[in-house]
Amino acid sequence: KRQPLVYVVVLLDEVTEECGPWSFLPASVSDRAQRAMGYQKRGVPYRIPDEMMYEHVDPDDLIVFTGQPGDCRF
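Since we're looking at a predicted model, the values are computed, not measured. (Residues numbered from 1 in each chain as written. Predicted model: local features only at pLDDT ≥ 70, side-chain atom pairs only at ≥ 80, totals over all residues. Heavy atoms only, no water.)

Please explain the overall build of the protein as it appears in this structure.
Broken down by element type, the protein carries two helices and four strands. Written out in order from the N terminus, the α and β elements of the protein read β-β-α-α-β-β. A compact globule built from 74 residues should have a C-alpha radius of gyration of about 11 Å, whereas the protein, at 15 Å, is more than 25% larger. Reported as C-alpha extents along the three principal axes, the dimensions of the protein are approximately 40 × 30 × 20 Å. Within the span of the protein, comprising 74 residues, buried residues form 19% of the whole. Across the protein, contacts joining residues at least 24 apart in sequence account for 74% of those joining residues at least 6 apart. Accessible area for the protein stands at about 6,100 Å²; split by element, carbon and sulfur atoms hold 51% of it. Charge separation in the protein, taken as the distance between the mean sites of 8 positive and 12 negative side-chain charges, equals 18 Å. (Helix = DSSP H or I, 4+ residues; strand = E, 2+ residues; numbered from the N terminus. Rg over C-alpha atoms; globule rule 2.2 N^0.38 Å. Buried < 20%, exposed > 50% of the residue type's maximum accessible area, 1.4 Å probe, protein only. Contact = heavy atoms within 4.5 Å. Areas by Shrake-Rupley, 256 points an atom, 1.4 Å probe, with all protein chains shown as cover. Lys, Arg positive; Asp, Glu negative; His and termini not counted. Charge placed at Lys NZ, Arg CZ, Asp CG, Glu CD.)

Spelled out as structure tokens, the structure:
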């Protein structure tokens with residue numbers, strides 16, 4: 001069972017869509033993709049390319065964090 005984690009991301013500079021925002025998938029979507037791809041099994045790469053991930057998840061599920069210096073996401 002996973003241990004609960006808390007991530008805090010604080011922007012130090014302005015972050016826009018054009019400069020490559022921090023993005024992530026909700027845990028439920030990530031778990032579903034992990035099962036579908038057989039992630040962490042022999043022969044499955046550790047780093048999953050976007051193209052491979054989007055075979056299993058809807059790009060609209062992606063959460064993108066953009067903003068101004070000092071903006072936070074927990």
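After that view, the rundown keeps rolling.
In this structure, what is going on with the pattern of salt bridges? I would like to understand it.
Where charged atoms from two side chains of opposite charge approach closely, those side chains can pair. Counting across every chain of the model gives one salt bridge. Across the pair R32 and D61 runs a salt bridge whose closest N-O atoms are separated by 3.8 Å. Of this pair, R32 sits in helix α1 (residues 27–37) while D61 sits in the loop between α2 (50–53) and β3 (63–65); the two residues are 29 residues apart in sequence, bridging distant segments of the chain. Residue classification places R32 among the partly exposed residues on the basis of a relative accessible area of 39%. For D61, a relative accessible area of 26% puts it in the partly exposed group. (Salt bridge = Lys/Arg side-chain N within 4 Å of Asp/Glu carboxyl O.)

Teacher, can you tell me more about a nonpolar patch on the surface here?
Where nonpolar side chains cluster on the molecular surface, the patch consists of V6, V8, V10, L12 and F74 and spans about 600 Å² of accessible area. Relative to the helices and strands, V8 resides in the segment before β1 (9–10). By relative accessible area, which is 47% here, V8 ends up partly exposed. (Patch = residues over 30% accessible without salt bridge, like charges linked within 9 Å, V, L, I, M, F, W, Y side chains within 5 Å.)

Is there a simple way to explain the packing of aromatic side chains in this structure?
Each pair of aromatic rings is reported with the distance of its centres and the angle of its planes. Using the criterion set out here, one finds one aromatic pair in the structure. Seen in terms of ring centroids, W22 and F24 are 4.8 Å apart; in terms of plane orientation they differ by 40°. Their pairing is tilted. Classification of F24 by relative accessible area gives partly exposed; the value is 25%. (Phe/Tyr/Trp six-rings, centres within 6.5 Å; stacked < 30°, edge-to-face > 60°.)

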